[in-house]
Amino acid sequence: MPRPEATAAFDAIGTRWTLDTAEPLPDAVLGAVRDRIDRFDRDWSRFRDDSWVAEVARGGAGSYRLPDDAGPLLDAYDEAARCTHGAVSPLVGRALEGLGYDAAYTLRPRRDADGSLRTAPAPDWRSAARRDGATLVLDEPALLDVGAGGKGYLVDLVSGVLAAHGVAEHVVDAGGDLRVAGLGAGPLTVALEDPRDTTRALGVLRLADGALCGSATNRRAWGEGLHHVVDARTGAPTADVLATWAVGDSALVADVAATALFFAEPDLVASRFDVRYVVLRADGSLRWSLGLDGEVFA
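Throughout what follows, the structure given in this document is the object of discussion.

Procedures and definitions
Residues numbered from 1 in each chain as written. Predicted model: local features only at pLDDT ≥ 70, side-chain atom pairs only at ≥ 80, totals over all residues. Heavy atoms only, no water. Helix = DSSP H or I, 4+ residues; strand = E, 2+ residues; numbered from the N terminus. Buried < 20%, exposed > 50% of the residue type's maximum accessible area, 1.4 Å probe, protein only. Contact = heavy atoms within 4.5 Å. Pairing = 2+ DSSP bridges. Axes fitted to C-alpha atoms, helices over the stretch in contact; angles between N-to-C directions. Phe/Tyr/Trp six-rings, centres within 6.5 Å; stacked < 30°, edge-to-face > 60°. Lys NZ or Arg CZ within 6 Å of the ring centre and 35° of its normal. Expected span 1.5 Å × (residues − 1). Core = buried A, V, L, I, M, F, W, Y, C linked by side-chain atoms within 4.5 Å.

### As for the environment of Val-171
The topology assignment puts Val-171 in strand β6 (residues 170–174). By relative accessible area, which is 0% here, Val-171 ends up buried. Distance in space between the C-alpha atoms of Val-171 and Val-278 is 21 Å, their sequence separation being 107 residues.

Written out as structure tokens, the structure is:
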């Protein structure tokens, strides 16, 4: 089945959004979608001075009332931190800044006198932070970055806005992170882009309901070995895996799992998050779940 007939497209939070629906969306529904995205950005962006994340960064160690939507997002990070032994963490913001991926997009990493990257571990999410009801307690200063799951979570939230307005059949696409709902007559077919040659596909997956998210080291990359997939335990970009994809019931779960797949045994990630996966390692080898609806070109 092809995508639904009507499409609305716009840019927000640094990526291209496409909403595919059976009928054109009324202005009121599009307005509600844009409002939800803006509210999420005001809370969770580390690239704007007026966000909750910026407030926490300025405040240092202490207690902070969490945004109302924080629970599911931080629950997913808790699980990712457990199954990757701390490699995935929402406290990785300072490490990303040190690599040049900062609010000003300088893209100039800090280096030692010999030219080596100057990296440092992020605070350990499992010990330096804790939640007390609706409050986040930080034992040391930290800059949050929810890039491993935030966009996927926002895709789910936008899907929820559409459903609340009676738009049951839809595809939400935020820079390749997909949430599909109501395509009961036939699935959406999605190609898996090879990060080594973006004109080539590594496989295709079919999705009639649920979510597909991917992560790759050629996206948000700004130099040799410099990209956004950072091991919080070292503060350095990972080099062992080139790309991952995860299919799950929600885009939040698929997005966080896709990042966890860079650092943990794939079957462990699959069992913890109830996802199916494809992993492309740096040596060119591919690994994938047997239960995938699709085909991988091994």
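Don't stop here, the text continues.
### Looking at the environment of Val-229
Within the secondary structure, Val-229 sits in the loop between β12 (226–227) and β13 (230–231). You can call Val-229 buried: its relative accessible area is 3%. When the C-alpha positions of Val-229 and Ala-32 are compared, they lie 31 Å apart, and in sequence the two are 197 residues distant. Residues contacting Val-229, with those up to four places away along its chain left out, are Ser-215, Ala-236, Pro-237, Thr-238, Phe-262 and Phe-263.

### Quick word on the sheet that holds strand β9 (residues 197–207)
Sheet strands line up and pair through hydrogen bonds in the backbone, either parallel or antiparallel. Read across the sheet, three strands follow the order β8-β9-β18 without closing on themselves; strand pairing throughout is antiparallel. Each edge of the sheet is formed by a strand with only one pairing partner; in this case those strands are β8 (188–194) and β18 (294–296). Each strand axis lies, on average, 35 degrees off the axis of its neighbour in the sheet, ignoring direction. As paired strands, β8 and β9 are joined by seven bridges and run antiparallel to one another. In the sheet register, Thr-189 faces β9, and the bridge partner there is Arg-206.

### Quick notes on the packing of aromatic side chains
Centre distance and the angle of the planes are the two values used to describe a pair of aromatic rings. Tallying each qualifying case throughout the model produces nine aromatic pairs. Their ring planes at 70 degrees and their centres at 5.3 Å tell us that Trp-44 and Trp-52 sit as a pair that is edge-to-face. An angle of 50 degrees between the planes, with centres 5.6 Å apart, marks the rings of Phe-47 and Tyr-101 as tilted. Highlighted residues: Phe-47 in the loop between α1 (27–44) and α2 (52–59) and Tyr-101 in the loop between α4 (93–98) and α5 (125–128), separated in sequence by 54 residues. On the basis of relative accessibility, which here comes to 30%, the residue Phe-47 falls in the partly exposed class. Its end group placed over the ring of Tyr-101, Arg-46 keeps NZ or CZ at 5.0 Å from the ring centre.

### Brief notes about α1
When the terminal C-alpha atoms of α1 are compared, their 26 Å separation across 18 residues agrees well with the 26 Å that a helix rising 1.5 Å per residue should span. Three or more residues of α1 are buried, namely Val-29, Val-33, Arg-36, Ile-37, Phe-40, Asp-41, Asp-43 and Trp-44. Close packing links the buried residues of α1 with β1 (6–12), β2 (15–21), α2, α3 (70–83) and α6 (150–164).

### Observations regarding the nonpolar core
One broad rule of soluble globular proteins: the nonpolar side chains tend to lie buried together. Counting residues in hydrophobic clusters, the biggest one holds 70 residues, and the most contacted among them are Trp-17, Trp-44, Trp-52 and Phe-273. Among the elements that take part in this core, α3 stands out by supplying eight residues, more than any other. Excluding its chain neighbours within four sequence positions, the residues that come into contact with Trp-52 are Arg-42, Asp-43, Trp-44, Tyr-64, Arg-65, Leu-66, Pro-67, Leu-136 and Leu-144. The next biggest cluster of nonpolar side chains, apart from the first, holds 20 residues, and it includes Val-171, Leu-178, Val-180 and Leu-188.

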